[in-house]
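Now for the letters of each chain:
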Amino acid sequence: MQNHRWLRTPDGTAPRISFGADYNPDQWPREVWDDDVRLMKKAGVDVVSVAIFSWAKLQPNADTWDFAWLDELIDLMHDNGIGVDLATATASPPPWLTMAHPEVLPVTAEGNTLSQGARQHWRPTSPVFRRHALTLVEKLAERYGSHPGIVAWHVNNELGCHNAYDYSDDAARAFRAWLAARYDTIEGLNHAWGTAFWSQAYGSFEEVLPPRLAASFPNPTQQLDFLRFSSDALTDHLVAEREILTRITPDIPVTTNFMIVGDTRHADYAAMAREIDFVSNDHYVTQDRDELAFSAAITSGVARHRPWFLMEHSTSAVNWQPVNRPKRSGELVRDSLTHVAHGADAVCYFQWRQSEAGAEKYHSAMVPHGGEDTRLFRDVVGLGGILQGLGDVVGSDREPAEVAILFDWHSWWGSELDSHPTELLRYRREALEWWTALVDAGVRVDVVPTDADLAGYRMVVAPVLYSVPAALRDRLEAYATGGGHLVTTYFSGIVDENDHVWLGGYPGAFRELLGVRVEEFRPLYEGEGVALSNGASGSVWSEPVDVVADDVEILASYEHDELGAAVTRRPVGSGSAAYVSTRLGVVGLARLVPELLAGAGVAPELPEPLRGSVELASRRGAAGRFDFYINRTDEPVSLDGVAGAFLHGSAELAARGVAVVRA
Ligand code: GLA
Ligand code: GLA
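Draft legend 1. View of the overall build of the protein chain. Across its full length, the protein chain holds 17 helices and 27 strands. Expressed along its principal axes, the backbone C-alpha trace of the protein chain runs to roughly 75 × 70 × 40 Å. Residues classed as buried in the protein chain amount to 60% of the 663 residues present. In the protein chain, once contacts between residues fewer than 6 apart in sequence are set aside, the share between residues at least 24 apart is 72%. Here the protein chain displays about 24,600 Å² of accessible surface, and carbon together with sulfur accounts for 50% of that area. Mean positive and mean negative side-chain charge positions of the protein chain (56 and 91 charges, respectively) differ by 4 Å.

Encoded structure:
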């Protein structure tokens, strides 16, 4: 992301938050397109993502190409001032390809081959798929590279959605090559994977397989490496498409849409973000609304706090949850502006016009089945107007926070592997609970990958930072001794990059820094709690924590005979290192977080009466600082006393409302 490049727009275009959707005109008769243009203008749409699932239409068989419809569509958009984020159309291979080449179809761990008939049924490592996909990319780049209406390239779609884990023979070959590059020798692999255990020693890379369905727990390092490899295989596909695009059309920026949302975890987006010109994300509300803000903050973190593109979210209901409810009044605007608050400079949806057929016909869109005379379309038009009023925000970066949460895909993958002390631990939930507790305390929080520069943060929270290579341990130690305030939790600093336990007592990598030592984990049963002296209650995990340094302060103890200290803090160098040995949850963290913040010298930015109900997020750019006050509740809140000019909203913040204030 060193070379952040945003949408290509004609010179003299006033900066604006782009507004639009995935647009699938190839699923509609030609006469509908004119109505689309009319309604897009009414809503203020200025960008659409086109051709995402159009491969079969563009290449109806191996030897035939049909670009006429796309030529006409791109011209139509351009003539009406609507930019095209043109997809490379490689997400869903057409039936002629998979019938002729069934060897492109992914294979599950159980050995089942996934069929055509849905979408994204391709192996990331298939040379046959790659060849056909890149031919398509090249054709598109050559045909449209000089069209002024193309504002960006949209590589594939949600790389790894449905096909991230492929256990086929192609995957086996690529996995071996990946392992040979990582370990150099088979001895290196044997050591890293600990294959002395259970007679797993390999004589050569040729003997190694993906972790296919086995008789018992597959080797954990093999599993972890397969997760890393699978993420890299997707990135490799991204890079292969990007290289063609940038060779033929060096002036058009390239993006791909991430899935930083909920439990979706198949790609290390911190790594993938380095391969594109700007980050895009797709987000769907699956849990409470803090999950949305947290995901947006992760997205900002991997985008290195430059503006990013909200490529998809929903205007109202989705169609893929067990029960799909429409959004309530206010949520359409609040969800969108929350993403903007965390750095989105584009607000787009899946999709423009709700489908009349196919698997997503019950998924909401900007133009619903009911047409333009609907509450939803009127709300969409209203949102378009709101976004047009926020042009000054465009291009501004996230205003750095004083507190950061470290978010690490490798620790996520590692901490939730099988054969562990408990199946109840959830990496992302722990991180999200810290987010909520910190926001409740009235501070702004960045969420950053482990290679981020931490120097500017007064406090860094590393929840369940399970996988800690020596270099990361050293960086965090240097951060704390150099004046930072590090907070880490149970099941952190446990293993190195090979999933080998740091020996000598837990939490091995951080034991000396924290001045504590744990001999045995004591996970808790589902529903079991353990009381703490500060009135909080722990769940999921507990530990008998031995304090082994004189200067360790005990912030809370377990009220349990076999357990002592629960939360500790130790001054180290000019900073401190704190340890939380149980899951406190949002309610328990509320008792601890203000103390930790005070110790780190972090003062809440949000006035006291707003804490708990309102989230503050800020951006700063050439036009100044913009504060977003986001009402997380279903009650109106008064922003009396907030200084600045209201660009959107007012001091009477509606239920589920957002106010944007130029500070
Ligand atoms: C069995 C096996 C051992 C070990 C234990 C673990 O007894 O024989 O190798 O796996 O289970 O409980
Ligand atoms: C994903 C896909 C879209 C659509 C939406 C529905 O984000 O990229 O094509 O399926 O989900 O929520």
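Draft legend 2. Region of the structure containing the side chain of serine 492. Note that serine 492 resides in the loop between β14 (485-489) and α16 (511-514). Reaching out from serine 492, the side chain makes a polar contact with the backbone nitrogen of valine 464 at a distance of 3.4 Å. A polar contact is formed between the side chain of serine 492 and the side chain of threonine 488, at a distance of 3.0 Å. With near-sequence residues (within four places) excluded, serine 492 lies in contact with Ala462, Pro463, Val464, Leu465, Tyr466, Pro507 and Phe510.

Draft legend 3. Fine view of the site of ligand 2. Near ligand 2, the surroundings consist of Phe53, Arg119, Asn157, Glu158, Asp282, Tyr284, Glu312, Trp320, Phe350, Glu360 and His363. Between glutamate 158 and ligand 2, the recorded distance is 2.5 Å, taken from a side-chain N or O atom to an oxygen atom. A distance of 2.7 Å separates an oxygen atom of ligand 2 from a polar side-chain atom of histidine 363. Computed on the free molecule, ligand 2 has an accessible area of 310 Å², of which 96% lies beneath the protein chains in the complex.

Draft legend 4. Highlighting the pattern of salt bridges. Taken as a whole and assessed by the stated rule, the structure comprises 50 salt bridges. Note that arginine 334 and aspartate 335 form a salt bridge whose closest N and O atoms lie 3.8 Å from each other. Assessed through its relative accessible area of 5%, arginine 334 is described here as buried. Salt-bridge contacts for arginine 378 lead to aspartate 373; the nearest nitrogen and oxygen are separated by 2.9 Å. Accessibility expressed as a relative area gives 64% for aspartate 373, which makes it exposed. Here the salt bridges do not stand alone but share partners, grouping Lys327, Arg328, Glu331, Arg334, Asp335, Asp634 and Arg656 into one network.

Draft legend 5. Structural context of the pairing of strand β9 (residues 344-349). The buried fraction of β9 amounts to 6 of the 6 residues, a majority that puts the element mostly inside the structure. Alignment of strand β1 (residues 18-23) against β9, held across 4 bridges, turns out to be parallel. Residue pairing for β9: serine 18 is matched across the bridge by alanine 346. Pairing between strand β8 (residues 308-312) and β9: 3 bridges, direction parallel. Residue pairing in the sheet places tryptophan 308 in a bridge with alanine 344 of β9. Regarding topology, helix α11 (residues 331-341) serves as the crossover connection from β8 to the parallel β9, and that connection is right-handed.

Draft legend 6. Quick peek at the nonpolar core. If you look at the biggest cluster of nonpolar residues, it comprises 175 residues, and the most contacted ones within it are Phe19, Met77, Leu86, Trp352, Trp434, Trp435 and Leu438. Examining the composition of this core, we find that 9 residues originate from one element, helix α5 (residues 127-144), more than from any other. In this structure, Tyr183, Ile186, Trp193 and Phe229 belong to the second largest nonpolar core, which totals 16 residues.

About the thresholds
- Residues numbered from 1 in each chain as written.
- Chains lettered and ligands numbered in written order.
- Predicted model: local features only at pLDDT ≥ 70, side-chain atom pairs only at ≥ 80, totals over all residues.
- Heavy atoms only, no water.
- Helix = DSSP H or I, 4+ residues; strand = E, 2+ residues; numbered from the N terminus.
- Buried < 20%, exposed > 50% of the residue type's maximum accessible area, 1.4 Å probe, protein only.
- Contact = heavy atoms within 4.5 Å.
- Areas by Shrake-Rupley, 256 points an atom, 1.4 Å probe, with all protein chains shown as cover.
- Lys, Arg positive; Asp, Glu negative; His and termini not counted.
- Charge placed at Lys NZ, Arg CZ, Asp CG, Glu CD.
- Polar contact = N/O pair within 3.5 Å; in protein donor to acceptor, adjacent residues only side chain to side chain.
- Near = heavy atom within 4 Å.
- Salt bridge = Lys/Arg side-chain N within 4 Å of Asp/Glu carboxyl O.
- Pairing = 2+ DSSP bridges.
- Right-handed = clockwise from strand over helix to strand, strands pointing away.
- Core = buried A, V, L, I, M, F, W, Y, C linked by side-chain atoms within 4.5 Å.

Scope: geometric values only; no functional claims are made or implied.
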